[in-house]
Amino acid sequence: MKRSMRAMVLTAPGATLEERKVLRPEPGTGQVRIKVSACGVCRTDLHVRDGDLENAKLPLILGHEIVGTVDALGADVSLHKPGDRVCVPWLGSTCNNCFYCLSNRENLCEHPLFTGYTVDGGFAEYTVADQNYVFKAPEGYSDVELAPLLCAGLIGWRSFKFADLKAGQNLGIYGFGAAAHIITQVALYKQIKVFAFTRPGDLAAREFALGLGAAFAGGSDEEPPEKLDAAIIFAPVGDLVVQALKCSRRGAVIVCGGIHMSDIPAFPYHLLWNERRIQSVANLTREDAEEFLALAPVIPVKTSTIEYPLIRAAEALDDLSHGRFSGAAVLLI
Ligand SMILES: [Zn+2]
Ligand SMILES: [Zn+2]
């Protein structure tokens, strides 16, 4: 008899996640099956749920910040063994054969699979994943603490690399949620000053940022006390690109860290003039994952988490959507 498992399933764009009994997945060739213990809840899950990201697999199990234990191996698996503590990020697999894969830019692959979007993810008791895109879990973190590092951390890390800052320079962060609270710690470790911008009136998020060591925390409509050498925009709000340009020094880069953003309004060219740049960030590479999962325990990056049981996944998404908590939501499976 086939075994079943509990999963939170999205049946249509815009629908509420439903608890379902579904067949436990069997690992295919090159895949491992993972008994999930924790899975982070990310803003991208919201964009998939709401249909902002098109062509999702349906019905779909969301979740791409997966921590668990290898439970079964498909054929030809050599990189992992049952009992290994592992984690799975957004990048589910790449083709290894397209123009981008062959030029060391697998994050731009033309035929990728994404965890919890085009293949099932971790809002479930079990998941399967390609062995080449599964990482050993770093020591020093509980499963819950580790989960937010897998997207908020990895995409944040890739965004931070594009900011290309040196010690003593100023980084603005717009949208102070899970990714921001992780990257603030990385920036401070590298002696970069952090200026945090939150939704106007969100005093809790400002306190959270100052508590982590930000030099300034204010509304996203405010001017910082010093000009910014770079800004990372984690909030999905195009107006913030223009706002960040207004607050930036010559040569600054404005990094858009999200996968989805509202339109960027027209703005005068002089705001971009003097070699300011706008940079989007797409997905991650395995190299990003290896770098960041090695660096995080050295700093050490600490994650601030809000736990929800699996069955309350829909509520966790709603709370994220309404900014009802500081830090990162994690489902306990
Ligand atoms: Zn490719
Ligand atoms: Zn994510």
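Cut-offs and rules
- Residues numbered from 1 in each chain as written.
- Chains lettered and ligands numbered in written order.
- Predicted model: local features only at pLDDT ≥ 70, side-chain atom pairs only at ≥ 80, totals over all residues.
- Heavy atoms only, no water.
- Helix = DSSP H or I, 4+ residues; strand = E, 2+ residues; numbered from the N terminus.
- Rg over C-alpha atoms; globule rule 2.2 N^0.38 Å.
- Buried < 20%, exposed > 50% of the residue type's maximum accessible area, 1.4 Å probe, protein only.
- Contact = heavy atoms within 4.5 Å.
- Areas by Shrake-Rupley, 256 points an atom, 1.4 Å probe, with all protein chains shown as cover.
- Pairing = 2+ DSSP bridges.
- Axes fitted to C-alpha atoms, helices over the stretch in contact; angles between N-to-C directions.
- Donors = N, O, S within 2.8 Å, 3.2 Å for Na, K, Ca; no water.
- Parallel < 35°, antiparallel > 145°, perpendicular 65-115°, else oblique.
- Nonpolar A, V, L, I, M, F, W, Y, C, P; charged D, E, K, R; others polar.
- Right-handed = clockwise from strand over helix to strand, strands pointing away.

(A) Up close: the overall build of the protein chain. Helix and strand counts for the protein chain stand at eight helices and 18 strands. Here the C-alpha atoms of the protein chain give a radius of gyration of 19 Å, agreeing with the 20 Å that 2.2 N^0.38 yields for 333 residues. For the C-alpha atoms alone, the extent of the protein chain along its principal axes is close to 65 × 40 × 40 Å. Counting every position in the protein chain, which comprises 333 residues, the buried fraction comes to 53%. Sequence-distant contacts, at least 24 apart, represent 69% of the contacts inside the protein chain between residues at least 6 apart. Carbon and sulfur atoms form 51% of the exposed surface of the protein chain, whose accessible area is close to 14300 Å².

(B) Layout of the sheet that holds strand 16 (residues 277-280). Taken together, six strands build an open sheet; the order of strands is 13-12-11-14-15-16 and the sheet is parallel. The open sheet has two edge strands, strand 13 (216-219) and strand 16, and neither has a second partner. Averaged over all pairs of adjacent strands, the angle between their axes in this sheet comes to 20 degrees, without regard to strand direction. Against the sheet, helix 3 (residues 152-163) touches strand 11 (170-174), strand 14 (228-233), strand 15 (248-256) and strand 16, its axis set at about 160 degrees to strand 15. Together, strand 12 (193-198) and strand 13 form the strand contacts of helix 5 (residues 203-212), whose direction differs from that of strand 13 by roughly 165 degrees.

(C) Inspection of the coordination of the zinc ion (ligand 2) at higher detail. Summarising the metal site, the zinc ion (ligand 2) is bound by the protein donors Cys 42 (SG), His 64 (NE2) and Cys 151 (SG), whose distances to it range over 2.0 to 2.2 Å. Summarised as a motif, the one-chain spacing of the donors to the zinc ion (ligand 2) is C-x21-H-x86-C. Within this pair, whereas Cys 42 is found in the loop between strand 3 (31-41) and helix 1 (43-49), its partner His 64 is found in the loop between strand 4 (60-61) and strand 5 (66-73), the two being separated by 22 residues in sequence. According to the relative accessible area criterion, Cys 42 is buried, its value standing at 12%.

(D) A look at the packing of helix 3 against helix 7 (residues 286-295). Direction vectors running N to C along helix 3 and helix 7 enclose 100 degrees, while the axes themselves pass 9 Å from each other. Between helix 3 and helix 7, the angle falls in the class roughly perpendicular. Facing helix 3, whose interface residues are Gly 153, Leu 154, Trp 157, Arg 158 and Lys 161, helix 7 presents Asp 288, Ala 289, Glu 291, Phe 292 and Leu 295. A class-by-class count of the residues in the contact of helix 3 with helix 7 yields five nonpolar, one polar and four charged.

(E) Main features of the pairing of strand 13. Judged from the four bridges that link them, strand 12 and strand 13 form a sheet pairing that is parallel. Counterpart to Phe 195 in the pairing with strand 13 is Phe 216. In this region the chain leaves strand 12, passes through helix 5 and returns to the parallel neighbour strand 13; the handedness of that crossover is right-handed.

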